[in-house]
Amino acid sequence: MPGDLANARLELEDVTVSYNGAPVLENVTFHVHHGARVAVVGPNGAGKSSLFKALVGLLPVSRGRILIHGQTLGRHRDLVAYVPQREEVDLHFPVTVFDVVLMGRFGRRGWLKAPGVTDRKAALRGLERMGIAGLADTPLGELSGGQQQRAFLARALAQEPHLLLLDEPFTGVDAPTQEATLGMLDLLRDEGVTVLVSTHDLNMAASRFEQVVLLNRRLVASGSPVHVFSPENIREAFGPRVLFLGGAAVVDECCPPGGAGKEGEGC
Amino acid sequence: MTQPIHALGESLRWLAEPLAFDFMQRGLAASVMVGVLCALVGCYVVLRSMAFLGDALAHAILPGVAVSYLLKGNLIFGALGAAVAVALGIGLFSRRGRIREDTAIGILFAAALALGVAMISTMKTYAVDLTHILFGNVLGVSREDLWLTAALGLVVVCTVLLLYKQFLLISFDPVLAKTLGLRVELLRNLLLVLIAVTVVVSLQSVGVGLVAAMLVTPAATAHLLTRRLPVMMALAAGIGAVSSVAGLYLSYSIDIASGAAVVLVSTLIFVIAFAFAPRRKLFEKRRGAGHRR
């Protein structure tokens, strides 16, 4: 796996993403270096979730193209792991935390092959990295909300992706989970895994990420935080919701109402 | 001293007596197979909230049965054709969420039932066979039926076991299944077909009216008792088999309809499990709530 990473990069060229035939994100062009940490920001309904869904093939790309490792999307899906804002799973489903994390390996095996030792090791490593190895045999339904989130992050790690997409991982989670998530991002940077994180926390975007992609149903700006968070760009993305105080721009923008995934354009 | 030995001999005799009859042996074999098969497939029916589907499929096979009755063919094949057609129809209508699955089921189930009734109403004589289809007649299972049940059942069990990983993933987290490149729609339709085959195979032992109970009750009972899917499947299969055997003996000894007896026994097991399981579930809930906020 590390050998391939040398030229791992993500390129979007004039990409339009549609939901039910209507475009939700138009003409987006940006490039991401291999191993970069990218914050995807923008107001509610800007198309952040839609961008991620397009990257894993859950929403169709109606125009343009997405290249990963210089190859078109879909040729190597298991290189991309995606953790949705809210996992819509039945918490009473009879599975343990380990069962859930092992599912991240199902794409790597043939149709009829059972998960092997490598898969179990990868699953366990994911659990260890998220600090929940001790919960491996616990039924999923017995975990707290934050622990569940960490289990799903561990599953994404078990996929051993080259590109990891985290949709709003910091919204409505407890402090230990936020810490564990940030710690995981540091580890992944050392391994050269490219990470895209959508967030409403502009401070975090500016301080912990080397690249920011600012969206509002199209690309407003992409580049280093200093370059992207200019008053013009912020005004363009957030419109009248911005308050300029001296040299500072204040945006009161929080989580989608009720966390019900308004961002997801009802999907 | 002789009393217990006598009692033991008595109960052994009671157990062995029905087995002297060929039809009873075949019936027992058929109902155990059906009990296990239904319970296994029923785990997915319960976990995917498809109880309504099982019932609907059972009723929807009526036109298939009517056609094979008119053409004097094997009722099982007619029923199978109709069930698979309806299962795939449900998959087609509810594809990509155009209409909701339960709505699709409601429409197709009623339409197929109406078609079946319409066809049957044109016949002059549709004597015993048809009532057996409706309420089951496990004691009328022929040797040929038994082989057919075994063959179809084996195909279903093997498919469920071989595709365990896939069915688990599309049932638990279809979004991940899609991003991992699994053919979610195809697998969903395959599962519908497996349920359809199971329903048809079960007709002879429990009948159209009661097959849904065999799909749902043992699996729901097992769900109360465990938090692991493989354990749930094994438990459900065991409960299905025990219900079938006990039900058949009950039916023999107090002379009631066999399908009804099997279903009543499995319901009794469910009620007992339910009475003992709540303490654990309540406990888990309280602990979970304490953690959360």
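Residues numbered from 1 in each chain as written. Chains lettered and ligands numbered in written order. Predicted model: local features only at pLDDT ≥ 70, side-chain atom pairs only at ≥ 80, totals over all residues.

The secondary structure content of chain B amounts to 14 helices and zero strands. Helices and strands in chain B line up, N terminus first, as α-α-α-α-α-α-α-α-α-α-α-α-α-α. Taken against the 2.2 N^0.38 rule, which gives 19 Å for 293 residues, the C-alpha radius of gyration of chain B at 21 Å falls within 12% of a compact globule. When the 293 residues of chain B are sorted by exposure, 43% land in the buried category. Long-range contacts, defined as pairs at least 24 residues apart, comprise 73% of the intrachain contacts of chain B with a sequence gap of at least 6. (Helix = DSSP H or I, 4+ residues; strand = E, 2+ residues; numbered from the N terminus. Rg over C-alpha atoms; globule rule 2.2 N^0.38 Å. Buried ≥ 20, exposed ≤ 12 C-beta atoms within 10 Å, placed from the backbone. Contact = placed C-beta atoms within 7 Å.)

Glancing now at the overall build of chain A. Along its length, chain A carries eight helices and 12 strands. Going through the 267 residues of chain A one by one, you find that 42% of them count as buried. Long-range pairs, those at least 24 residues apart, make up 69% of the contacts in chain A between residues at least 6 apart in sequence.

For soluble globular proteins, nonpolar side chains are generally found buried alongside one another. All names here are of chain B. Counting 162 residues, the largest nonpolar core has L57 and A83 as the members making the most contacts within it. No other element matches helix α11 (residues 184-225), which puts 22 residues into this core. Apart from residues no more than four positions distant in its own chain, A83 is found in contact with L57, A60, I61, G64, A196, V199 and V200. (Core = buried A, V, L, I, M, F, W, Y, C linked by C-beta atoms within 7 Å.)

What follows is about the confidence of the model for chain A. Per-residue confidence for chain A gives a mean pLDDT of 84, with 86% of residues at or over 70. When pLDDT is averaged over each element of chain A, helix α2 (residues 97-102) of chain A comes out on top at 96 and strand β12 (residues 248-251) of chain A at the bottom at 65. (pLDDT = per-residue confidence, 0-100.)

This part takes up the environment of H59(B). All names here are of chain B. Take H59: it is sitting in helix α3 (residues 51-60). The spatial distance from the C-alpha of H59 to the C-alpha of A112 is 7.6 Å, given a sequence separation of 53 residues. Ignoring sequence-local partners within four residues, the contact set of H59 consists of F109, L113 and V208.

Time to look at the pairing of strand β10 (residues 219-223) of chain A. Residues and elements named next belong to chain A. Where strand β9 (residues 211-215) and β10 come together, four bridges link them in antiparallel fashion. Within β10, the residue paired with L215 across the bridge is L219. Taken together, β9 and the strand that follows it, β10, pair antiparallel across an intervening segment of three residues, in which R217 is found at a positive phi of about 65°. (Pairing = 2+ DSSP bridges.)

Let us look at the sheet that holds strand β5 (residues 71-72) of chain A. Residues and elements named next belong to chain A. Pairing is antiparallel across the open sheet formed by four strands, whose spatial order is β2-β1-β4-β5. What marks the edges here is a single partner per strand, and that holds for β2 (22-32) and β5. With seven bridges joining them, strand β1 (residues 10-19) and β2 adopt antiparallel strand pairing. Looking at β2, one finds that E11 is bridged to H31.

To continue, consider the confidence of the model for chain B. Residues and elements named next belong to chain B. When pLDDT is averaged along chain B, the result is 84; 90% of the residues meet or exceed 70. Residue range residues 281-293 is modelled with pLDDT below 50. Its contacts to residues more than four positions away, or to other chains, number seven contacts. Under the prediction, the complex receives an ipTM of 0.85, its pTM being 0.84.

Where interface size is quoted, it is often the accessible area lost as the parts come together. If you look at the interface, chain A gives 21 residues, while chain B gives 23 residues. In terms of residue class, the side of chain A that touches chain B is built from 12 nonpolar, six polar and three charged. (Nonpolar A, V, L, I, M, F, W, Y, C, P; charged D, E, K, R; others polar.)

What follows is about helix α4 (residues 62-70) of chain B. Among the residues of α4(B), those classed as buried are L62(B), P63(B), G64(B), V65(B) and A66(B). Positive phi shows up at K72(B), right after α4(B), with a value of about 60°.

All names here are of chain B. Residue position: G106 is located in helix α6 (residues 101-121). Given 15 C-beta atoms within 10 Å, G106 falls into the partly exposed group. Linking G106 and F52, residues 54 residues apart in sequence, is a C-alpha distance of 8.7 Å.

Quick look at the sheet that holds β9(A) now. All names here are of chain A. Read from one edge of the open sheet, six strands run β6-β7-β8-β3-β9-β10, paired in mixed fashion. Because the sheet does not close on itself, it has two edges, and the strands there are β6 (80-83) and β10. The average angle at which neighbouring strand axes cross in this sheet is 15°, direction not considered. (Axes fitted to C-alpha atoms, helices over the stretch in contact; angles between N-to-C directions.)

A few words now on the pairing of strand β7 (residues 163-167) of chain A. In the case of a regular strand, side chains alternate between the two sheet surfaces. Residues and elements named next belong to chain A. Most of β7 is tucked away: five of the five residues are buried. Every second residue of β7 is oriented toward a common face, with L163, L165 and D167 on one face and L164 and L166 on the other, all of them buried. As defined by bridge partners, β6 adjoins β7 across four bridges and the pair is classed as parallel. The residue bridging V83 from the neighbouring strand is L166, located in β7. Where β7 lies against strand β8 (residues 194-198), five bridges are found, and the strand directions are parallel. Considered in β8, the bridge of L163 is made with T194.

Here we take up the packing of α11(B) against helix α13 (residues 258-276) of chain B. Residue and element names in this part refer to chain B. Close contact between α11 and α13 brings their axes to 9 Å; oriented N to C, the two are set at 20°. Considering the angle they form, α11 stands roughly parallel to α13. Crossing geometry of α11 relative to α13 is assigned as left-handed. Two secondary-structure elements touch here, α11 through S205, V206, G207, L210, A213, M214, T217, P218, A220, T221, L224 and L225 and α13 through G259, A260, V262, V263, S266, T267, I269, F270, A273 and F274. By residue class, the composition of the contact of α11 with α13 is 15 nonpolar, seven polar and no charged. (Parallel < 35°, antiparallel > 145°, perpendicular 65-115°, else oblique. Left-handed = near helix turned anticlockwise from the far one by under 90°.)

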